[in-house]
Amino acid sequence: MTVFLGGGFAAKYLHGGGNFSVPLQWMLGLRRLKLDAIWLEHMPSEGNAKDDQRKIDNFRRQLRAHGLAGRYCLLYHKKPESAHDLDALECVGLSKRELLDRLAGPNTLLNLSYSIHPPLLLKFERRIFCDLDPSEIIYWMTQMEMGQSSHHEFWTIGLNVSSADSKLLKVVASALPVSSLESRRARSISREIRWKTFYPLVDTKLYQPKARPRAAKFTTVGQWYWSGAVEVEGKFPDLSKKYAFERYLDLPKRVPMAKFELAMYMNPDDPERERLRAQGWQVVDPHRVATTPAKYRRYLAGALGEFTAIKGVDVSWRTGWLSDRAAAFLATGRPVITEDSGAGKYLPRANGFHFVGDLESAAAAVEDVVANWPRRSREARACAVEVFDSAKNLRAILGL
């Protein structure tokens, strides 16, 4: 059987080492399971042939660096459209003939965040939807077609979405009425979905524990601004890190023994840079410190642990979302301080996490990690191996 990993967000982001690392963990896990695995990456052109080629070359280079040469088919879409017709796509890596030969035999598609669309999608024998962002994906499934009518199984990273204390499915069920026939059909199908859950994946063979760094630095990697949107009681709340971090901005002053850094992209003249520096935060460019998967791993290992805030809807809706970045921090033996989305009850008691909700609890968590780092580091690594390991999660998703 061939297992295809469907992606659409790694190749097009030239400098996103952390972004690229997400599907990379899936591929490495599939290879550890000794499966015939092919990374199927859809890349739409942005209208500049030279830039497109740089992205394609980088994609191939990164796969070679991780032992995956010959294990990919990049679907280059010169004239992008929402439909993915194989006749309109150029295949880089695996040829179109080789792709069709594999599709003729037993196969499964792990479709990350609905990256592969019909009609190509419908050629796969077993189609598994793998959601990486429950608050947005599950919401938008009530508004439009997001793959809910063309997959056989639905898995989400939201560990708590079906629990009684989660508000996500309740909120989307009561979303404002939709007018078009297509939207009504999409909502009807989405209500019938039975979501299964998986943990964010990290390849614990690739990510290894590292010695304690000299500086007591806490960091995170991400986007300071976020254009995603969901509707809550007729309004669209701010989902950006800028908004989420507001209640924690005094943390450097509260815990002067530690350093706090944000690897968040901002324009050089963005006033947010100076505002954050005035509060004691360092700001670095992720396109410099985490531009490749290897640099991303080194950057995480250079910190004592992660401190981050997450989208407010994941907290208020109790989705149980945890980030793949947190899993990577844990695997390197770095504890994670993050907000509570309802995920804690699905983890072992000693798990490397501190779940916080305000400045006081965040300061206490930082002090605990600094004071008890060897123990917290061991707990983090043990939890990564036990819970977040890529091969273990893929075995469950594939039913092996």
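Presented here is a report on the structure given in the accompanying data block. (Residues numbered from 1 in each chain as written. Predicted model: local features only at pLDDT ≥ 70, side-chain atom pairs only at ≥ 80, totals over all residues. Heavy atoms only, no water.)

## Quick look at the environment of glutamine 208
Step number 1: Along the polypeptide, glutamine 208 turns up in the loop between strand E8 (196-197) and strand E9 (217-219).
Step number 2: With 123 residues separating them in the primary sequence, glutamine 208 and alanine 331 have C-alpha atoms 6.1 Å apart.
Step number 3: Beyond its immediate stretch of four places on either side in the chain, glutamine 208 contacts Ala331, Thr332 and Arg381.
Step number 4: From its side chain, glutamine 208 meets the backbone oxygen of threonine 204 in a polar contact 3.1 Å long.
Step number 5: Of the polar contacts made by the side chain of glutamine 208, one reaches the backbone oxygen of lysine 205; its length is 3.1 Å. (Helix = DSSP H or I, 4+ residues; strand = E, 2+ residues; numbered from the N terminus. Contact = heavy atoms within 4.5 Å. Polar contact = N/O pair within 3.5 Å; in protein donor to acceptor, adjacent residues only side chain to side chain.)

## Some words on the packing of aromatic side chains
Step number 1: Across all of its chains, the model carries 21 aromatic pairs by this definition.
Step number 2: A centroid spacing of 5.8 Å and a plane angle of 85° characterise the contact between phenylalanine 245 and tryptophan 281, whose relative ring orientation is edge-to-face. Here the residue phenylalanine 245 occupies a position in the loop between helix H7 (241-244) and helix H8 (251-254), and tryptophan 281 occupies one in strand E12 (residues 281-284), the gap between them amounting to 36 residues. Residues phenylalanine 245 and tryptophan 281 agree in their burial class; the two are buried.
Step number 3: On the basis of an interplanar angle of 75° and a centroid distance of 5.3 Å, the ring pair of tyrosine 248 and phenylalanine 307 is categorised as edge-to-face. Of the two residues, tyrosine 248 is situated in the loop between H7 and H8 and phenylalanine 307 in strand E13 (residues 305-307); the sequence distance between them amounts to 59 residues. (Phe/Tyr/Trp six-rings, centres within 6.5 Å; stacked < 30°, edge-to-face > 60°. Buried < 20%, exposed > 50% of the residue type's maximum accessible area, 1.4 Å probe, protein only.)

## Some thoughts on the nonpolar core
Step number 1: Core analysis: the biggest nonpolar cluster contains 40 residues, and Trp26, Leu30, Trp39, Leu110 and Phe198 have the highest contact counts within it.
Step number 2: For this core, the elements supplying multiple residues, two or more each, are strand E1 (2-7), helix H1 (17-32), strand E2 (36-44), helix H2 (49-65), strand E3 (72-77), strand E5 (107-112), strand E6 (126-131) and helix H16 (390-398).
Step number 3: Looking at this core element by element, the count peaks at seven residues for H1.
Step number 4: If we ignore the near neighbours within four places in the chain, the residues touching tryptophan 26 are Leu5, Leu110, Leu112, Cys130, Leu132, Phe198, Leu201, Leu394 and Ile397.
Step number 5: If you look at the next biggest cluster of nonpolar residues, it comprises 31 residues, including Leu86, Phe129, Ile137 and Trp195. (Core = buried A, V, L, I, M, F, W, Y, C linked by side-chain atoms within 4.5 Å.)

## Examining the sheet that holds strand E4 (residues 90-93)
Step number 1: Sheet architecture is open: eight strands sit in the order E4-E3-E2-E1-E5-E6-E7-E8, paired in mixed fashion. If you trace the sheet from one side to the other, it starts and ends with E4 and E8, each paired once.
Step number 2: In terms of strand pairing, strand E7 (residues 153-156) meets E8 through two bridges, oriented parallel. Residue threonine 156 lies in a different strand from E8, and its bridge partner there is threonine 197.
Step number 3: Strands in contact with H1 are E1, E2, E5 and E6; relative to E2, the strand with the most contacts, it is inclined by about 160°.
Step number 4: Across the sheet, helix H3 (residues 96-103) touches E1, E2, E3, E4 and E5, and the angle it forms with E1 is around 120°. (Pairing = 2+ DSSP bridges. Axes fitted to C-alpha atoms, helices over the stretch in contact; angles between N-to-C directions.)

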